[in-house]
Amino acid sequence: MRIGLITPEPGHPLLAAATALLTPRHRVEAVDPGAWDGVPDDPGSFGALADVYLLKARTPRALGLARYLEQRGAPVLNAAGATELCQDRTAMAALALRAGLPFARTRTVSALARLSAEELAYPVVIKSRHSRRHDLVARVDDAAGLRALRAVWPDEPVVVQRFTENSGWDHKLWVIADRLFAAVRRSELADPDRGPALSLGPGDLPAGWARLALEVGSVFGLRVYGVDVIDAGGGKPLIVDINAFPGVRGQAGAPEALAELAVRTAGTGVD
């Protein structure tokens, strides 16, 4: 089988470990989306398609490349549309709430400067609408805090969510195909330094949380994804973020699960 990695970082620990498992029997090729400048005039100039592509990038060029490959008939994990959906926190929240998932209620504002300090019930969480590296994620406790944030990010499209009291720990739930991996990590709202994620067994999660993580994949059309959940009290889950193809670092069995999913999808065209 030929397996393509759409990523500028094929040495990422999860990808590198999965590649090491695959290469004795399969050919793994990295495709840098940064070199993609649109659909070529001659579709054949891109070369022969791989049997499956793993989309471990979220930039506009990476999504454009993934769509082009899908149009040519190649299976892509995760699909470009599902990956893009997880970059838009407004669309993410809308779909999750329509599906009945326990997701934070979300309001969208076109620019942070337009958000009035007097209209909020503090504390609130303010995030960039479009998820990306080094985006805005902040807890705001009062009008002075909002004014300070507006001074730095005045034109940023944002979403606003009510802050839910919790332990200050995020539960990181990762799914590859139907295999669940879990950890806890300090919330960036509680501790900017955060520290490492501490692994959990699925049996260490509150009742129903593993099933919830699998349901997210069904709703969003994802096969490799992460769900950030906080305990809103008494083991009641509240989803605060969903990520397409996260790093899943330090989780025993994750590279094996990814390699198995890639081979299975390459062989059938579907996962």
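For every chain, the first residue of its written sequence is number 1, and the numbers climb from 1 along that sequence. Where totals are concerned, whole chains, interfaces and linings use all residues; where local detail is concerned, this predicted model gives features only for residues with pLDDT of at least 70, and gives and counts side-chain atom pairs only at 80 or more. Excluding hydrogens and water, the side-chain figures rest on all heavy atoms present in the structure.

S.K.: Would you mind going over the packing of aromatic side chains with me for this structure?
M.R.: Within a pair of aromatic rings, the relevant descriptors are the distance that separates the centres and the angle that separates the planes. Think of it this way: a Phe, Tyr or Trp ring, Trp meaning its six-membered ring, pairs with another when their centres are within 6.5 Å, and the plane angle makes it stacked under 30 degrees, edge-to-face over 60, tilted otherwise. For the coordinates displayed, the defined rule picks out zero aromatic pairs. For a lysine, the NZ atom is tested; for an arginine, the CZ atom; a charge sits over a ring if that atom is within 6 Å of the ring centre and within 35 degrees of the ring normal. Positioned over the ring face of Phe163 is Arg139, at 4.2 Å from the centre of the ring.

S.K.: I would appreciate a short explanation of the sheet that holds strand E11 (residues 198-200) in the present structure.
M.R.: Paired through their backbone hydrogen bonds, the strands of a sheet run either parallel or antiparallel. Strand order across the open sheet formed by five strands is E11-E10-E9-E12-E13, with antiparallel pairing between neighbours. At either margin of the open sheet sits one strand with a lone partner, and together these are E11 and strand E13 (237-244). Each strand axis lies, on average, 25° off the axis of its neighbour in the sheet, ignoring direction. DSSP bridges decide pairing: two strands pair if at least two such bridges lie between them. Helix and strand definitions follow DSSP, with helices as H or I runs of at least four residues and strands as E runs of at least two, each counted in order from the N terminus. Note: strand E9 (residues 169-176) against strand E10 (residues 179-186), eight bridges, orientation antiparallel. Note that in E10 the partner of Lys172 across the bridge is Ala183. By definition in these notes, contact holds between two residues if any of their heavy atoms fall within 4.5 Å. To obtain each axis, a line is fitted to C-alpha atoms, and for helices this fit is confined to the stretch in contact; angles are then taken between N-to-C directions over 0 to 180 degrees. In the packing of helix H6 (residues 209-220) onto the sheet, the strands contacted are E9, E10, strand E12 (224-231) and E13, and the crossing angle to E12 comes to about 135°. Running over the sheet, helix H7 (residues 254-268) touches E9, E10 and E12 and is turned about 35° from E9.

S.K.: Would you take a moment to explain the pairing of strand E7 (residues 137-140) for this structure?
M.R.: Remember that side chains alternate between the two faces of the sheet whenever the strand is regular. Whether a residue is buried, partly exposed or exposed follows from its accessible area with a 1.4 Å probe, protein chains only, as a fraction of its type maximum: under 20%, in between, or over 50%, in that order. Burial of E7 is one-sided: the residues Ala138 and Val140 facing one way are buried, the residues Val137 and Arg139 facing the other way are not. In terms of strand pairing, strand E6 (residues 124-128) meets E7 through four bridges, oriented antiparallel. Residue pairing in the sheet places Val124 in a bridge with Val140 of E7.

S.K.: Please clarify how the environment of Ala93 should be interpreted in this entry.
M.R.: Its location among the elements puts Ala93 in helix H4 (residues 89-98). Taking the C-alpha atoms as reference points, Ala93 and Ile242, 149 residues apart in sequence, are found 9.5 Å from one another. Among residues more than four places away in sequence, those in contact with Ala93 are Phe103 and Thr106.

S.K.: Got a minute to help me understand the sheet that holds strand E2 (residues 27-31) in this structure?
M.R.: Here we have four strands laid out as an open sheet, ordered E2-E1-E3-E4, and parallel in their pairing. Strand pairing shows two members of the sheet lacking a second neighbour, E2 and strand E4 (76-77), which therefore form its edges.

S.K.: Any chance you could explain the confidence of the model for the protein chain here in plain terms?
M.R.: Interpretation of this model should avoid reading the predicted coordinates in detail wherever pLDDT is low. Values of pLDDT, the confidence the predictor places in each residue, fall between 0 and 100. Overall, the predicted model of the protein chain reaches an average pLDDT of 92, with 96% of residues at or above 70. Here E11 is the element of the protein chain with the lowest mean pLDDT, 88, and strand E3 (residues 52-55) is the one with the highest, 98.

S.K.: Just checking my understanding: could you explain the nonpolar core for this structure?
M.R.: Most often, soluble globular proteins have nonpolar side chains that are buried together. Counting residues in hydrophobic clusters, the biggest one holds 29 residues, and the most contacted among them are Phe103, Leu173, Val216, Phe220, Leu222, Ile239 and Ile242. Setting aside anything within four residues of it in sequence, one finds Val216 in contact with Leu101, Tyr225, Val227, Ile239 and Ile242. Take the buried residues of types Ala, Val, Leu, Ile, Met, Phe, Trp, Tyr and Cys, join any two whose side-chain atoms come within 4.5 Å, and each joined set is a nonpolar core. Leu22, Leu54, Ile176 and Ala254 belong to the second largest nonpolar core, which has 24 residues in total.

S.K.: Looking at this structure, how should I read the side chain of His171?
M.R.: Following the sequence through the fold, His171 ends up in strand E9. Excluding residues within four positions of it along the chain, His171 makes contact with Ala183, Val184, Leu200, Leu205, Trp209, Val227, Asp228 and Val229.

S.K.: Looking at this structure, I do not really get the pattern of salt bridges. What am I missing?
M.R.: When charged atoms on two side chains of opposite charge get close, those side chains can pair. Here, a salt bridge means any Lys or Arg side-chain nitrogen found within 4 Å of an Asp or Glu carboxyl oxygen. The final tally for this structure, using the stated rule, is 12 salt bridges. The structure contains a network of salt bridges with shared partners spanning Arg2, Arg27 and Glu29.

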